[in-house]
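Examination of the molecular architecture
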Amino acid sequence: MKAVRIHAFGGPEVLSIDQVPSPQPLDDEVVLRVRAASVNPIDYKTREGSVSETLPITLGRDVSGTVEICGTRAHTLKKGDPLFAMLGHDRGGNAEYVVVKATEAAAKPDRLSHVEAAAVPLAGITAWQGLFDHGGLKSGQRVLIHGGAGGVGHLAIQLAKAAGAFVATTVSAEDVVFVRELGADQTVDYKNQRFEEVVNAVDLVFDLIAGDTQDRSWDVLKPGGTLVSTLSQPSQEKANLRRARGVSYLAEPNAAHLAEIGRLIDAGKVTPFVLATYPLGEVAKAEERLENEHVRGKIVLEVSAWRVGASAVPLERVIRSAPRRRCPAGSETAPSACAPRLPNCACDVAEAPIAHRKG
């Protein structure tokens, strides 16, 4: 099979398309035929050597695909079953096939294509564990999410709203409408406003930015509140001064969490946004774009597409070229496989009108 691997740390030029042996499952594992895999910051950080790994390695932590081979104890699954998964550190999804453990995978949401589903696992589980496991967010509480338009942030907004929380978020001016459509109650243009002057008395700060943003976040917390960060350990001294908690964490694969996120997706309460897709052979371009540009939502690799030299395909362009049929919610027309759909769309899940697709 083909896989994208690195044999040395460095820039995008170290990414190599290799021919490697196909994996075999053990016990309750399955071999997944990968249809799509998304790009995350951990990919280029690992490639650059920021994360200790033994080379060569295949990158990619989240995938969507179909079961190809079942292990001897994978009795509840059969060939062809659609799954999505967040992989452990010991395997990579930028390949035609990958072994997936029972503790990592859940049934792919029916509402989503494989491209959309691949955008969810790592970002969605990161958001879930930060908000609920470490942040203890409950219905009726207030949360401030820094970086609400990014891969983790845009899912965190929707998960928090689904849980009944009041959501404030910091974004750039061009993303204000986008996050409001996702359900954000209060938006702060971080380039022109200081969030601590307009947001106050929150129970939880979910920090996806770190640095000065994290330091200033203590001023908006209620006594007894929590500051959770995916990037750096919050100051315990500042936490103690404010009778608050400061928590840093790394997301871990969790099939139960992923299954619950999938249920929220099929209920129309959470929808991933895919900014662009690339063929797997252009993974270097995808990583460069994520690292160097302002990316709304997620970038996804189509693993079945190996063609090198093609430009990125914005999902909006794919949608607009699709066959159209009448939208049941109004006079606008929509393609038969509309994506991404926003959670406040009242249309049939396969027929969201163009007005409900932002990007």
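Description of the structure in this document.

The sheet built from six strands is open, its strands ordered E11-E10-E9-E12-E13-E14 with parallel pairing. A strand with exactly one partner marks an edge of an open sheet, and here the two such strands are strand E11 (186-189) and strand E14 (245-248). Across the sheet, the mean angle from the axis of one strand to that of its neighbour is 15°, orientation sign disregarded. Here strand E9 (residues 142-146) runs beside strand E12 (residues 202-207); their pairing, made up of three bridges, is parallel. The residue bridging valine 143 from the neighbouring strand is leucine 204, located in E12. Sheet strands in contact with helix H3 (residues 121-134) are E9, E12, strand E13 (221-229) and E14, and its direction is about 150° off that of E12.

This part takes up the pattern of salt bridges. Taken as a whole and assessed by the stated rule, the structure comprises 21 salt bridges. With a closest N to O distance of 2.4 Å, glutamate 287 and arginine 47 form a salt bridge. Here arginine 47 lies in helix H1 (residues 41-48) and glutamate 287 lies in helix H10 (residues 283-292), a separation of 240 residues in the sequence. Taken individually, glutamate 287 and arginine 47 each receive the classification buried, so the pair is uniform in this respect. Arginine 296 serves as the salt-bridge partner of aspartate 175, at 2.7 Å between the closest nitrogen and oxygen. Separated by 121 residues along the polypeptide, aspartate 175 in the loop between strand E10 (166-171) and helix H5 (176-182) and arginine 296 in the loop between H10 and strand E16 (298-302) bring together distant segments of the chain. On the accessibility criterion, aspartate 175 (1% relative accessible area) is buried. Its relative accessible area of 13% is what places arginine 296 among the buried residues.

So, on to H10. Taken as a whole, H10 has its buried residues at Val283, Ala286, Glu287 and Leu290. Take H10 and look down its axis: the buried residues cluster within an arc of 95°, on one side only.

Take the packing of H1 against H10 next. Contact geometry of H1 with H10 gives a least axis separation of 9 Å together with a crossing angle of 105°. When the axes of H1 and H10 are compared, the pair comes out roughly perpendicular. Here H1 contributes Pro41, Asp43, Tyr44, Arg47 and Glu48 to the contact with H10, which in turn contributes Glu287, Leu290 and Glu291. Per-class residue counts for the contact of H1 with H10 are three nonpolar, no polar and five charged.

A word on the sheet that holds strand E2 (residues 15-19). Spatially, three strands are ordered E2-E1-E4 in an open sheet, and the strand pairing comes out antiparallel. A single partner strand is all that each edge strand has here, and the edge strands are E2 and strand E4 (57-58). Bridging between strand E1 (residues 2-6) and E2 involves five bridges; their strand directions are antiparallel. Within E2, the position partnered with isoleucine 6 by the bridge is leucine 15.

Summed over the entire model, instances satisfying the criterion amount to two aromatic pairs. When the ring of tryptophan 128 is compared with that of phenylalanine 132, the centres are 4.8 Å apart and the planes differ by 70°; the resulting orientation is edge-to-face. Taken together, the residues tryptophan 128 and phenylalanine 132, both in helix H3 and four residues apart, mark about one turn of the helix. Judged by its relative accessible area of 15%, tryptophan 128 is buried. Among the residues examined, phenylalanine 132 registers a relative accessible area of 18% and is labelled buried. Ring centres 5.1 Å apart and planes at 65° place the aromatic pair phenylalanine 178 and phenylalanine 273 in the edge-to-face group. Of this pair, phenylalanine 178 sits in helix H5 while phenylalanine 273 sits in the loop between helix H9 (255-266) and strand E15 (274-279); the two residues are 95 residues apart in sequence, bridging distant segments of the chain. Given a relative accessible area of 5%, phenylalanine 273 falls into the buried group. The ring of phenylalanine 166 has arginine 142 sitting right over it, with the charged end atom 4.4 Å from the ring centre.

About the thresholds
Residues numbered from 1 in each chain as written. Predicted model: local features only at pLDDT ≥ 70, side-chain atom pairs only at ≥ 80, totals over all residues. Heavy atoms only, no water. Pairing = 2+ DSSP bridges. Helix = DSSP H or I, 4+ residues; strand = E, 2+ residues; numbered from the N terminus. Axes fitted to C-alpha atoms, helices over the stretch in contact; angles between N-to-C directions. Contact = heavy atoms within 4.5 Å. Salt bridge = Lys/Arg side-chain N within 4 Å of Asp/Glu carboxyl O. Buried < 20%, exposed > 50% of the residue type's maximum accessible area, 1.4 Å probe, protein only. Arc of directions from axis to C-beta. Parallel < 35°, antiparallel > 145°, perpendicular 65-115°, else oblique. Nonpolar A, V, L, I, M, F, W, Y, C, P; charged D, E, K, R; others polar. Phe/Tyr/Trp six-rings, centres within 6.5 Å; stacked < 30°, edge-to-face > 60°. Lys NZ or Arg CZ within 6 Å of the ring centre and 35° of its normal.

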